[in-house]
Amino acid sequence: MSFKVPRGTQDILPGQSEKWQKVEAIIRDICRVYRYNEIRTPIFEQTDLFARGVGETTDVVQKEMYTFEDRGGRSLTLRPENTAGVVRAYVEHKMFGAPDQPVKLSYLGPMFRYERQQAGRYRQFVQFGVEAIGSADPAIDAEVIALAMDVYESAGLKDLKLVINSLGDKETRDTHRTALLQHFEPNIHEFCSDCQNRLQKNPLRILDCKVDREHPLMKTAPALTEFLTEESAAYFAQVKSYLDTLGITYEVDPNLVRGLDYYNHTTFEIMSTASGFGAITTLCGGGRYNGLVQEIGGPDVPGIGFALSIERLLLALEAEGVELDTASGLDVYIIAMGDDAKQKAVELTSTFRAKGLATEMDYLDRKMKAQMKSADRLGAKYTIVLGETELEEQAAAVKHMESGEQHKVAFSELVNHLSQQS
């Protein structure tokens, strides 16, 4: 019987995992600069958390969640996104009482959605995201967007497009909801069953439908920006002003609604415009979610955040032909000829590693030529050859692989010599 990786998942093998590590290092450094501290939440949560936080009418909750019952009869769900989980932790641990506000958090980890696998989209995928909870200042909206753009640009992407919109406040949404009902209701029978169900529950979700996106009524649907209250319009104008100050180029798309119910006011997506990237161009999405903290049992505290897929970031880098620097950083490869030399190689390997030098040796008892090829293939900076002569002289030839220069160095001085050169 043979086993294969489950459908919609992938094995990230050596050679590829180094790219992930590079991207993750970029992300962590940017979070350090922006002061977004890491939070790690459970991979599964109570199912009701996502139904309440993400929204019962969303595709995520209705179609894509991995939900199961544990042995105690509790309904649990593998996290399909992490904003709800982060907000739950924020409320449970009373982070709203911290002296420094807003609370700025970041996360990086696997999420799970049962959906059709496509390029860069998996059923288990890795998301990086941030949440800034506790401020209704438009400047924090601009900061969150800037952080997301910074991640992509620091990784080397250039073909990017930022699209923004405002979903307004509750008054805006209520007025717009009435207009959408009047617009779609007479012809709702022409739409898919999902849209028909959404009409009364949440007609805004119709605009996010993937099945009926080309229906003529979609193009003539009333734009939410036409119904913005004076306060919402002023807020959105301020966000745009801050983005202008930061030199961040953007487009306003009145039809951008995002796929989760908790969004209001600012919403945004970052897309790849690289040729050959694929039909689905979205790399990152986010927005403001005032009211979500209260919905999950906390105080009435505003928040904003985003999430991006690491898989799609790597796909965008590939589409633009960007090569990440993933050199292995192997400092030393020790070549041993004979049993006594191998004993010394084991000793030196341990000594070098204890001093922070990345070291490798042969474990297949291959001939010198094969070991030298291995050292070259692994990108070793130096090689050390050990044989009978070296053991007698208590010194080894240290070869710099790039220049070909070679120096005889006493065993007792090898660590100092290599540390100074590295």
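The rules behind each value
- Per-chain numbering applies: the sequence of each chain, read as written, is numbered from 1 onward.
- Since the coordinates come from a predicted model, pLDDT governs what is reported: local features require at least 70, and pairs of side-chain atoms require 80 or more to be given and counted, while whole-chain, interface and lining totals use all residues.
- Working from all heavy atoms in the structure, the side-chain values ignore hydrogens and water.
- UniProt positions are given in the numbering used here, feature names are shortened, and annotations may be inferred rather than shown by experiment.
- For helices the rule is a DSSP run of H or I covering at least 4 residues; for strands it is a run of E covering at least 2, with both sets numbered from the N terminus onward.
- Each radius of gyration reported is based on C-alpha atoms, and the globular scaling rule is 2.2 Å times the count of residues to the power 0.38.
- Remark: exposure states derive from per-residue accessible area (1.4 Å probe, protein chains only) relative to the maximum for the residue type, with buried under 20%, exposed over 50%, and partly exposed in between.
- Residues count as neighbours in contact if any of their non-hydrogen atoms are within 4.5 Å of one another.
- Identification of polar contacts relies on pairs of N or O atoms within 3.5 Å, with a donor-acceptor requirement for protein atoms, meaning one able to donate a hydrogen and the other able to accept it, and with residues adjacent in sequence counted only if both atoms are side-chain atoms.
- Between the first and last residue of a helix there are one fewer steps than residues, each counted as 1.5 Å, and that sum is the expected span.
- Regarding the arc, it is the one traced by the directions from the helix axis to the C-beta atoms.
- Two strands qualify as a pair provided that DSSP identifies no fewer than 2 bridges between them.
- Think of each axis as a best-fit line through the C-alpha atoms, taken over the contacting stretch in the case of a helix, with angles from 0 to 180 degrees between the N-to-C directions.
- The criterion for an aromatic pair is that two Phe, Tyr or Trp rings (for Trp, the six-membered ring) have centres within 6.5 Å, with stacked assigned to planes under 30 degrees apart, edge-to-face to planes over 60 apart and tilted to the rest.
- By definition here, charges over rings are those cases where NZ of Lys or CZ of Arg is within 6 Å of the ring centre and within 35 degrees of the ring normal.
- When a carboxyl oxygen of Asp or Glu lies within 4 Å of a side-chain nitrogen of Lys or Arg, that pair is called a salt bridge.
- For the domain bounds, the source is a domain assignment made automatically or taken from a database.
- Nonpolar cores were defined as sets of buried Ala, Val, Leu, Ile, Met, Phe, Trp, Tyr and Cys residues, with membership established by side-chain atoms within 4.5 Å.
- Oblique is the label for every angle not falling under 35 degrees (roughly parallel), over 145 degrees (roughly antiparallel), or within 65 to 115 degrees (roughly perpendicular).
- The sense of a crossing depends on the near helix, which, turned anticlockwise from the far helix by less than a right angle, makes the crossing left-handed and, turned clockwise, makes it right-handed.
- Classification convention: Asp, Glu, Lys, Arg as charged; Ala, Val, Leu, Ile, Met, Phe, Trp, Tyr, Cys, Pro as nonpolar; all other residues, Gly among them, as polar.

- Looking at an unreviewed UniProt entry, the protein chain carries the name Histidine--tRNA ligase, with the source organism given as Lysinibacillus fusiformis.
- Check the Sequence similarities (unreviewed entry) section of the UniProt entry for the protein chain; it says "Belongs to the class-II aminoacyl-tRNA synthetase family."
- As its UniProt record puts it under Catalytic activity (unreviewed entry), the protein chain is described as follows: "tRNA(His) + L-histidine + ATP = L-histidyl-tRNA(His) + AMP + diphosphate + H(+)".

**Quick look at the overall build of the protein chain**
Turning to step 1, where the next piece is worked out: A count of helices and strands for the protein chain gives 15 helices and 16 strands.
Turning to step 2, where the next piece is worked out: Taken against the 2.2 N^0.38 rule, which gives 22 Å for 422 residues, the C-alpha radius of gyration of the protein chain at 28 Å runs more than 25% over that of a compact globule.
Turning to step 3, where the next piece is worked out: Projected onto the principal axes, the alpha-carbon positions of the protein chain cover approximately 95 × 55 × 45 Å.
Turning to step 4, where the next piece is worked out: Residue burial in the protein chain is summarised as follows: out of 422 residues, 50% are buried.

**Observations concerning the UniProt feature "binding site: L-histidine" (unreviewed entry) in the protein chain**
Turning to step 1, where the next piece is worked out: According to UniProt, the feature "binding site: L-histidine" (unreviewed entry) maps to Glu-81, Asn-82, Thr-83, Arg-113, Gln-127, Glu-131, Arg-258, Tyr-262 and Tyr-263 in the numbering used here.
Turning to step 2, where the next piece is worked out: Residue placement: Arg-113 occurs in the loop between β5 (103-112) and β6 (124-133).
Turning to step 3, where the next piece is worked out: Not counting the four nearest positions on each side in its chain, Arg-113 is found in contact with Val-60, Glu-64, Tyr-66, Pro-80, Glu-81, Tyr-122, Arg-123 and Phe-125.
Turning to step 4, where the next piece is worked out: Polar side-chain contacts of Arg-113 include one of 2.8 Å to the backbone oxygen of Pro-80.

**With respect to helix α9 (residues 230-245)**
Turning to step 1, where the next piece is worked out: Relative to the 22 Å expected for 16 residues at 1.5 Å per residue, α9 spans 23 Å between its end C-alpha atoms, a close match to the ideal helical length.
Turning to step 2, where the next piece is worked out: Listed as buried for α9 are Ser-232, Tyr-235, Phe-236, Val-239 and Leu-243. Down the axis of α9, the buried set is contained in an arc of 95 degrees. They therefore lie on one face. Facing away from the buried surface of α9 by more than 90 degrees, the exposed residues are Glu-230, Glu-231 and Thr-245.
Turning to step 3, where the next piece is worked out: Turning to α9, the residues buried within the fold contact α5 (138-155), β7 (160-166), α6 (170-184), β8 (251-252), β9 (264-272) and β10 (282-288).
Turning to step 4, where the next piece is worked out: Gly-247 sits one or two residues past α9 and shows a positive phi near 75 degrees.

**Notes on the sheet that holds strand β2 (residues 44-46)**
Turning to step 1, where the next piece is worked out: What the 3 strands build is an open sheet, ordered β2-β4-β3; its pairing is antiparallel. Edge positions in the sheet fall to β2 and β3 (66-69), since each of these pairs with one other strand and no more. Direction aside, the axes of adjacent strands within the sheet are offset by 35 degrees on average.

**Comments concerning the packing of aromatic side chains**
The relative placement of two aromatic rings is captured by the distance of their centres and the angle of their planes.
Turning to step 1, where the next piece is worked out: Enumeration according to the criterion identifies 6 aromatic pairs in this entry.
Turning to step 2, where the next piece is worked out: Ring centres 5.7 Å apart and planes at 75 degrees place the aromatic pair Phe-128 and Phe-306 in the edge-to-face group. Separated by 178 residues along the polypeptide, Phe-128 in strand β6 and Phe-306 in strand β11 (residues 303-309) bring together distant segments of the chain.
Turning to step 3, where the next piece is worked out: Phe-128 gets classed as buried once you look at its relative accessible area, which sits at 1%.
Turning to step 4, where the next piece is worked out: Judged by relative accessible area, which is 2%, Phe-306 ranks as buried.
Turning to step 5, where the next piece is worked out: The ring of Tyr-114 has Arg-123 sitting right over it, with the charged end atom 4.0 Å from the ring centre.

**Details of the pattern of salt bridges**
Turning to step 1, where the next piece is worked out: Counted according to the given criterion, the structure contains 16 salt bridges.
Turning to step 2, where the next piece is worked out: Between Glu-295 and Arg-52 there is a salt bridge, and its shortest N-O distance comes to 3.8 Å. Of this pair, Glu-295 sits in helix α10 (residues 292-295) while Arg-52 sits in helix α2 (residues 47-53); the two residues are 243 residues apart in sequence, bridging distant segments of the chain.
Turning to step 3, where the next piece is worked out: With a relative accessible area of 40%, Glu-295 lands in the partly exposed category.
Turning to step 4, where the next piece is worked out: Judged by relative accessible area, which is 52%, Arg-52 ranks as exposed.

**Things to note about helix α11 (residues 310-319)**
Turning to step 1, where the next piece is worked out: Counting buried residues in α11 gives 7 out of 10 residues, a clear majority hidden from the surface.
Turning to step 2, where the next piece is worked out: Of the positions making up α11, those classed as buried are Ile-310, Glu-311, Arg-312, Leu-313, Leu-314, Ala-316 and Leu-317.
Turning to step 3, where the next piece is worked out: Gly-321 lies just past α11 and shows a positive phi near 70 degrees.

**With respect to the domain arrangement of the protein chain**
Turning to step 1, where the next piece is worked out: Assigned domains within the protein chain: domain 1 (14-168 + 228-318) and domain 2 (328-418).
Turning to step 2, where the next piece is worked out: Relative placement of domain 1 and domain 2: their C-alpha centres are 47 Å apart.

**A look at the nonpolar core**
Turning to step 1, where the next piece is worked out: Core analysis: the biggest nonpolar cluster contains 47 residues, and Tyr-36, Phe-128, Leu-147, Tyr-152, Phe-306, Leu-308 and Ile-310 have the highest contact counts within it.
Turning to step 2, where the next piece is worked out: What Leu-308 contacts, discounting residues up to four positions off in sequence, is Val-126, Gln-127, Phe-128, Val-151, Tyr-152, Leu-283, Cys-284 and Leu-313.

**Quick notes on the pairing of β10**
Turning to step 1, where the next piece is worked out: Within β10, 6 of the 7 residues are buried, which leaves it mostly tucked inside the rest of the structure.
Turning to step 2, where the next piece is worked out: Looking at chain direction, β9 and β10 are connected through 6 bridges and run antiparallel. Bridge pairing links Phe-268 to Gly-286 in β10.

**Here we look at the packing of helix α12 (residues 339-354) against helix α15 (residues 414-421)**
Turning to step 1, where the next piece is worked out: It is the contact of α12 with α15, at a shortest axis distance of 11 Å, that shows an interaxial angle of 45 degrees. With respect to α15, the axis of α12 lies oblique. In this structure, α12 meets α15 at a crossing whose hand is right-handed. Across the interface between the two elements, Leu-348, Thr-351 and Phe-352 from α12 touch Leu-414, Val-415 and Leu-418 from α15.
Turning to step 2, where the next piece is worked out: Partitioned by chemical class, the residues of the contact of α12 with α15 number 5 nonpolar, 1 polar and no charged.

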